[in-house]
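Tertiary structure, described
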There are 2 protein chains.
Amino acid sequence: MTGQHGVEELLRSAASDERVVGFAGGLPAAERFPRRALTSAFLRAIGRRDAAALQYAWPEGLAPLRARIAERVAQRGVVVAADDIIVTNGAQQAITLAARLLMRRGATIGVDAVTYPSALTAFRTLGLVPTTATRASILYRMPVVTNPQGAGMDAAARRAVLASGRFIIEDDAYADLHFAGPAPPPLLKAARNRVAYVGTFSKTLGPGLRVGFLIVPRSLQARALRHKADDDLQANSLSQLIVQEYLAHNDFDAFLVRLRRHYAQRARRLMAAVRHHLPSWTFEPPAGGFGLWVRADDRVDEVALLRHSVRAGVSFDPGSSFTCVAPAADQPTTMRLCFSSVAEDAMDEGVQRLARVWRSTVRDRGRAPR
Amino acid sequence: MTGQHGVEELLRSAASDERVVGFAGGLPAAERFPRRALTSAFLRAIGRRDAAALQYAWPEGLAPLRARIAERVAQRGVVVAADDIIVTNGAQQAITLAARLLMRRGATIGVDAVTYPSALTAFRTLGLVPTTATRASILYRMPVVTNPQGAGMDAAARRAVLASGRFIIEDDAYADLHFAGPAPPPLLKAARNRVAYVGTFSKTLGPGLRVGFLIVPRSLQARALRHKADDDLQANSLSQLIVQEYLAHNDFDAFLVRLRRHYAQRARRLMAAVRHHLPSWTFEPPAGGFGLWVRADDRVDEVALLRHSVRAGVSFDPGSSFTCVAPAADQPTTMRLCFSSVAEDAMDEGVQRLARVWRSTVRDRGRAPR
């Protein structure tokens, strides 16, 4: 706990320091938010005679927004009704709602060996036990673009997950940022009655809006809505109307084409910089998302490495926060390097700083106790 | 459950029908939201170079907003630091977070005999057992303005609650709408280490913004923040910045003076209409808030009464949803009549419709089985 606590403090200080090249945090590129279009959407929303943007709404969310979301899900090959959509505060609330619907306390939840940290901690707080074993009670998966690796599941892996017969929490938060174009169909398509599907506008229009959504099997819908109402009555009316108006008056798919191109380009720049400055490190080119999951060629104390890095003006997300079980002592250091919010012209300098810190940390390792 | 389900359907259909005079729902007056000032606040928020309105923020909320909230709490006589504030999605999330922090599953939570329905259902979903017994494990109270009665606790009741030595969830959601002027100090002042304090901007600036806050004893702060992060990472950045900018550039207290006067006037109009059209019904004049808690002089089936009322163009909140235990068969019918969102010139007509339906329902009662 002390270790994680130290990590959070370091990342907070890094995030508030403009001199630090921030490969940590998984933040979208602020300059790519469609601010002008969202401002127009706000003005239409706030101008409504019924003041719906500021008033209470029902727990499930606004009907026209739910209809637009259902249309977007249909584009991915899954026919759902507007009534099947529950608007949530981002993907995180959808994930925790789904876990609470499906869980028995003390049961296991099957996750990838490295996975999204805030899902892991939420599962643990709920009393679920994350495991990489295949015989878990529930599965949590990101089939199209995983976090942190940015990889997709291949056909065999999809078949295996579906054949397990388990309930699946399908976290599709990065699906709109699948670099090669529109993402393949979600698992939801093949197993409508066993999948709780999670989507979001956080990675594209802005996480500050907190607009995500959840689709659960119809038999669980009433209970999901009760949980949502118990938790916070409803998602933000203002943000819902902004997203609704944005989708009604803008070509979101054309925006996504440009956005994917932008992030794919940043990913290429980061990969080139890592290959150049840290040639012995390895990674798989991501198929989408915000980050590169890298594996070093040696092992050092990651908190010390982060501390030295932040001092040298670069940050990263330590690998251990993504792992379900503590890595064995002989495993090399891993980390997530997010390209998403680093300007292209700062990328090379950032990796150079990291490479310098890495080499001096490896060199000094033997000299002092950790 | 069928009864409650029927009630929700009736209230949904009433809410979407402009011909219905809506005494149900506890909605603030849409025409009193400071829309122009909130629009200016939005434009300042969205214009920030760092795009903070659309970006991720930390789980505790934005520091300048927390500082402003701490100042407002200090005006009520309680010195808290900005760091003590956790920004939540409205009061509801603050209540459920507090309950989860303090609860043992299966434990009792002491509530008033009639109280806020969404707190009751949230407690039950969490596995807490609401009770009006004084020896509960935790207490849930609204000391300044209760919902549904709009009453405050007197000095003796405050002393008794404080003397109990229990943890208290203090729901102060309506404190800014205490008609007689700034509200008395909260229980938090006398028991900083035993009170989880809940506040909100929902009743004043707009519930659609979902900006509330929670103050917990310092020993519970870290755990409260972890729960908040697990649940949905953070409160809406955009709404937080809007409220922050609004408070920085507007005289909120002057706005509240006008708002209290407005609601006090609506309360008077509603009381006059009830006295005129239903002279045998009783109520206590509310000290603040949105509603009037009325007790009829007879008992009828409340779902049938609501159904007939909606058909006749008037709605109300049935009393049973506010009660911790089912009322005895000989208890008269109760209901909450909200004056908050009914225009003054519709008030009399609404109560007249209710009176007509009431009389015909009482008259027909004996004739047919329910």
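Right, let's walk through the structure included here. Every residue gets a number counted from 1 within its own chain, in the order that chain's sequence is written. Chains carry letters and ligands carry numbers; both start at the beginning, A for chains and 1 for ligands, and go up in the order they are written. Only residues with pLDDT of at least 70 are given local features in this predicted model, and only at 80 or more are side-chain atom pairs given and counted; all residues enter the totals for whole chains, interfaces and linings. Only heavy atoms go into the side-chain values, all of them from the structure, while hydrogens and water stay out.

1. Looking at the overall build of chain A
Tallying secondary structure elements over chain A gives eleven helices and 13 strands in all. Projected onto its principal axes, the C-alpha coordinates of chain A cover approximately 65 × 45 × 35 Å. A burial count over chain A gives 59% of its 370 residues as buried. Sequence-distant contacts in chain A: of pairs separated by 6 or more residues, those separated by 24 or more amount to 78%. Surface accessibility follows the Shrake-Rupley procedure with a 1.4 Å probe radius. Residue values consider only the protein chains on display as shielding. Accessible surface, chain A as shown: approximately 14700 Å² in total, 52% of it carbon and sulfur. Charged side chains of chain A number 49 positive and 34 negative; the gap between the two group centres comes to 2 Å. A run of DSSP states H or I qualifies as a helix once it reaches four residues; a run of E qualifies as a strand once it reaches two. Both are numbered from the N-terminal end. Throughout this description, buried means an accessible area under 20% of the type-specific maximum (1.4 Å probe, protein chains only), exposed means over 50%, and partly exposed covers the range between. Every residue pair with non-hydrogen atoms within 4.5 Å of one another is taken to be in contact. When charges are counted, Lys and Arg contribute as positive and Asp and Glu as negative, whereas His and the chain ends are disregarded. By convention, the point assigned to a charge is CZ for Arg, NZ for Lys, CD for Glu and CG for Asp.

2. Details of the sheet that holds strand β9 (residues 282-283) of chain B
Residues and elements named next belong to chain B. A pair of strands is considered paired only if DSSP assigns at least 2 bridges between the two. Strand order in the open sheet formed by four strands is β9-β10-β13-β12, with antiparallel pairing between adjacent strands. Among the strands making up the open sheet, the edge pair consists of β9 and β12 (317-318). Looking at chain direction, strand β10 (residues 291-295) and strand β13 (residues 334-338) are connected through five bridges and run antiparallel. Its bridge partner being in β13, W293 is matched across the sheet by R336.

3. Brief notes about the packing of aromatic side chains
Between two aromatic rings, the relevant description is the distance of the centres plus the angle of the planes. Planes of paired rings set the category: under 30 degrees apart is stacked, over 60 is edge-to-face and the rest tilted, where pairs are Phe, Tyr or Trp rings (Trp by its six-membered ring) whose centres lie within 6.5 Å. Under the definition given, this model contains 25 aromatic pairs over all chains. The interplanar angle of 50° and the centroid separation of 5.1 Å between the aromatic rings of Y263(B) and F290(B) together place this pair among those described as tilted. Here the residue Y263(B) occupies a position in helix α9 (residues 252-277), and F290(B) occupies one in the loop between β9 and β10, the gap between them amounting to 27 residues. Residue class for F290(B) comes out buried when judged on its relative accessible area of 2%. Ring-pair connections join several aromatic residues into one group, and the members of that group are Y197(A), F201(A), F213(A), Y246(A), F252(A) and F255(A). Cation placement over rings: the criterion is NZ of Lys or CZ of Arg within 6 Å of the ring centroid and within 35° of the ring normal. The residue whose ring lies beneath R12(A) is W58(B), and the NZ or CZ to ring-centre distance is 4.2 Å.

4. What to know about the nonpolar core
The nonpolar side chains of soluble globular proteins are, as a tendency, buried together. Within the largest apolar cluster, 255 residues are counted, with the highest numbers of intra-cluster contacts made by F123(A), Y140(A), I169(A), F123(B), Y140(B) and I169(B). Dropping the residues within four chain positions of it, F123(B) is found in contact with I95(B), A99(B), I109(B), V111(B), L128(B), P130(B), Y140(B) and I169(B). Note on terminology: a nonpolar core comprises buried Ala, Val, Leu, Ile, Met, Phe, Trp, Tyr and Cys residues joined through side-chain atoms within 4.5 Å.

5. Some remarks on the relation of the copies chain A and chain B
We place the copies in one frame by least squares, fitting the C-alpha atoms of every residue whose pLDDT is at least 70 in both. Of the transformation superimposing chain A on chain B, the axial component is 0.0 Å and the angular component is 180°, with the fit at an RMSD of 0.0 Å. Seen this way, the second copy is the image of the first under a two-fold rotation axis. Proximity to the rotation axis, assessed at the C-alpha, singles out N236(A) in chain A; its C-alpha lies 3.8 Å from the axis. Both copies share a contact surface, since 100% of the interface residues of chain A are interface residues in chain B too.

6. What to know about the environment of G127(A)
Residue and element names in this part refer to chain A. Topologically, G127 is positioned in the loop between α5 (117-126) and β4 (129-131). For the pair G127 and M103, spaced 24 residues apart in sequence, the C-alpha to C-alpha distance is 8.8 Å. With residues near it in sequence (within four places) discarded, G127 still touches R105, G106 and A107.

7. A closer look at the interface of chain A and chain B
Between chain A and chain B, the contact holds 57 residues from the first and 57 residues from the second. Once two parts are brought into contact, the accessible area they lose, counted with a 1.4 Å probe and summed over both, makes up the buried area. Roughly 4500 Å² of surface becomes buried between chain A and chain B when both sides are summed, with 57% attributable to carbon and sulfur atoms. On the chain A side of the interface with chain B, the three residues burying the most area are R35(A), L54(A) and Y56(A), jointly 16% of the side's total. The rule for a salt bridge is simple: a side-chain nitrogen of Lys or Arg has to be within 4 Å of a carboxyl oxygen of Asp or Glu. Applying the counting criterion to the chain A and chain B interface returns four salt bridges. Across the pair E18(B) and R49(A) runs a salt bridge whose closest N-O atoms are separated by 3.7 Å. The term polar contact refers here to a pair of N or O atoms within 3.5 Å; inside protein, the definition further demands a hydrogen-donor-capable atom paired with an acceptor-capable atom, and it admits residues adjacent in sequence only when both atoms are side-chain atoms. Inspection of the region where chain A meets chain B yields 34 residue pairs in polar contact (both at pLDDT 80 or more). When residues of the side of chain A that touches chain B are traced back to their parent elements, those giving at least two are α1 (2-15), α2 (35-46), α4 (90-102), α5, α7 (221-232) and α8 (237-249) of chain A.

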